[in-house]
Amino acid sequence: MISISHKAKQFLVLLIKLLIVGGAFYFIYSQLANNDKLDWEKFIVLFKKNQSITGISFILLLSVLNRLFEILKWQNLVSYLHKISLPEATKQVLGALTAGLFTPNGVGEYAGKALFFEKSKTKKIVFLNLICNGIQMILSVVFGIFGLLYFNSNYNIITSKTVAILFGLFFLVFVVTFLLKKITIKGYSIEKLIHKTNEIPKSIHQKNIFLAVCRYLIFSHQYYFLFLAFDVDLPYLTMMATIASVYFLASSLPTFQFLDFAVKGSVAVYFFGILGVNEWIVVFISTLMWFLNVVLPVIIGSYYVMNYKILTPTLSFGEGDKT
């Protein structure tokens, strides 16, 4: 077995940190500097026309609240193992977000959070992160389906027959999933997953759902208020249904965090184009949402990545540890 010296290990860890942070900043710069659809001149003109310290502060506050509720969700779920402070939860969430920036669908985020815990807890941390992200996905699906139905009832994108076929397919997938729940693949099954989920106290699940709903309402309304800031005047329900549809469909597509705004932007251009909204406005708002809710947290998360220290096997979590 090959043994790595302490200094070599330190150098390797530093190199990985630099690659993660350097890669994150490179991709951010690349996406902002090389996007031909971003008309900065139009944006500056509109910004000068509608600039407001109160308005800017409000939008920034929504970004802070969006990430804060995600941090509170993680703090709540980890309390199943042991209690962690809000600063510690912040470090874990933002550090993991940075690490998962250029992995498909943020898969690296799972490994990123696990690094803050003992190796023996890796599976449990990955499972808790699955629940943390899963509830957000479920809400996107639920709100998104209602949004699509409302949008379609007003603009007839697809026929009633197509809607019925889609619901039939969803029902079929649900039935097949239920029938196959006992089938085990590499020791894992849907039934076992449900059993593990039920082991977590209901109070933690209830709080997780509440925080997830709050987070969904915050970032969807941030999208809404940005459209208002860009002089887009459409009925509230139409706007919210369109936003819900965009998030649902965009979240269903496999992508990377650093390309998140491009995917959501493409879907948003189609839907808001039907409503008569200029393409450049939709692209700019999608980019701003990405910048406010991904780029800014990643910048802060880079600090935590650079200050990350490998846990030693002797680390103890104290009396609150349940494992």
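Predicted, not measured: the structure shown is a model, and the values here were computed from it. (Residues numbered from 1 in each chain as written. Predicted model: local features only at pLDDT ≥ 70, side-chain atom pairs only at ≥ 80, totals over all residues. Heavy atoms only, no water.)

Asker: I'd like a description of the overall build of the protein chain, backed by residues and values.
Answerer: Across its full length, the protein chain carries 12 helices and zero strands. Order of helices (α) and strands (β) in the protein chain, N terminus to C terminus: α-α-α-α-α-α-α-α-α-α-α-α. Relative to its 323 residues, the protein chain shows a buried fraction of 41%. Put simply, 76% of the contacts in the protein chain that link residues at least 6 apart link residues at least 24 apart. For the protein chain, the exposed surface amounts to about 18,500 Å²; the carbon and sulfur share of it is 69%. (Helix = DSSP H or I, 4+ residues; strand = E, 2+ residues; numbered from the N terminus. Buried < 20%, exposed > 50% of the residue type's maximum accessible area, 1.4 Å probe, protein only. Contact = heavy atoms within 4.5 Å. Areas by Shrake-Rupley, 256 points an atom, 1.4 Å probe, with all protein chains shown as cover.)

Asker: Tell me about the UniProt feature "transmembrane region" (unreviewed entry) in the protein chain, and please be specific about residues and values.
Answerer: Mapped onto the present numbering, the UniProt feature "transmembrane region" (unreviewed entry) falls on residues 12–32, 52–69, 126–151, 163–180, 261–282 and 288–306. Taken end to end, residues 52–69 is 94% helix and 0% strand, and its two terminal C-alpha atoms sit 26 Å from one another. Taken end to end, residues 288–306 comprises 100% helix and 0% strand; its first and last C-alpha atoms sit 26 Å apart. (UniProt positions renumbered as here; feature names shortened; annotations may be inferred.)

Asker: Give me a positive patch on the surface: which residues, what numbers.
Answerer: Positive charge collects at one region of the surface, where K123, K124, K192 and K196 lie side by side. Where the positive patch is concerned, the elements lending two or more residues are α6 (122–155) and α8 (190–199). Tracing the backbone through its elements, the reader meets K124 in helix α6. (Patch = residues over 30% accessible without salt bridge, like charges linked within 9 Å, V, L, I, M, F, W, Y side chains within 5 Å. Salt bridge = Lys/Arg side-chain N within 4 Å of Asp/Glu carboxyl O. Lys, Arg positive; Asp, Glu negative; His and termini not counted. Charge placed at Lys NZ, Arg CZ, Asp CG, Glu CD.)

Asker: Can you break down the packing of aromatic side chains residue by residue, with the values?
Answerer: All told, the structure shown has 16 aromatic pairs when counted by the stated rule. Centre to centre, the rings of Y223 and Y247 are 5.7 Å apart; their planes meet at 90°, and the pair counts as edge-to-face. Taken together, the residues Y223 in helix α9 (residues 202–229) and Y247 in helix α10 (residues 236–251) connect sequence positions 24 residues apart. This pair shows no difference in class: Y223 is buried, exactly as Y247 is. Between the aromatic rings of Y224 and Y236, the centroid separation amounts to 5.2 Å while the plane-to-plane angle is 85°, which identifies the pairing as edge-to-face. Linking Y224 in helix α9 with Y236 in helix α10, this pair joins segments that are 12 residues apart in sequence. (Phe/Tyr/Trp six-rings, centres within 6.5 Å; stacked < 30°, edge-to-face > 60°.)

Asker: Would you mind going over the environment of L148 in detail, with residue names and values included?
Answerer: The residue L148 is located in helix α6 in this model. The spatial distance from the C-alpha of L148 to the C-alpha of I243 is 9.6 Å, given a sequence separation of 95 residues. For L148, the residues in contact, after removing those within four places along its chain, are S245, F248, L249 and F271.

Asker: Talk me through the nonpolar core; I want residue IDs and the actual numbers.
Answerer: Inside soluble globular proteins, nonpolar side chains tend to come together where they are buried. Residues Y223, F227, F272, V277 and I285 are the most contacted members of the largest nonpolar core, which totals 30 residues. Mapped by element, the contributors of at least two residues to this core are α9, α10, α11 (260–274) and α12 (279–306). The next biggest cluster of nonpolar side chains, apart from the first, holds 19 residues, and it includes V78, A114, I125 and I200. (Core = buried A, V, L, I, M, F, W, Y, C linked by side-chain atoms within 4.5 Å.)

Asker: Please provide a residue-by-residue account of the pattern of salt bridges, values included.
Answerer: In the structure shown here, the tally under the stated rule is five salt bridges. With its nearest N and O atoms 3.2 Å apart, the salt bridge here joins E70 to K73. Here E70 pairs with K73, and both are found in helix α3 (residues 53–78), just three residues apart, close to one helical turn. The same class applies to E70 and to K73, which are both buried.

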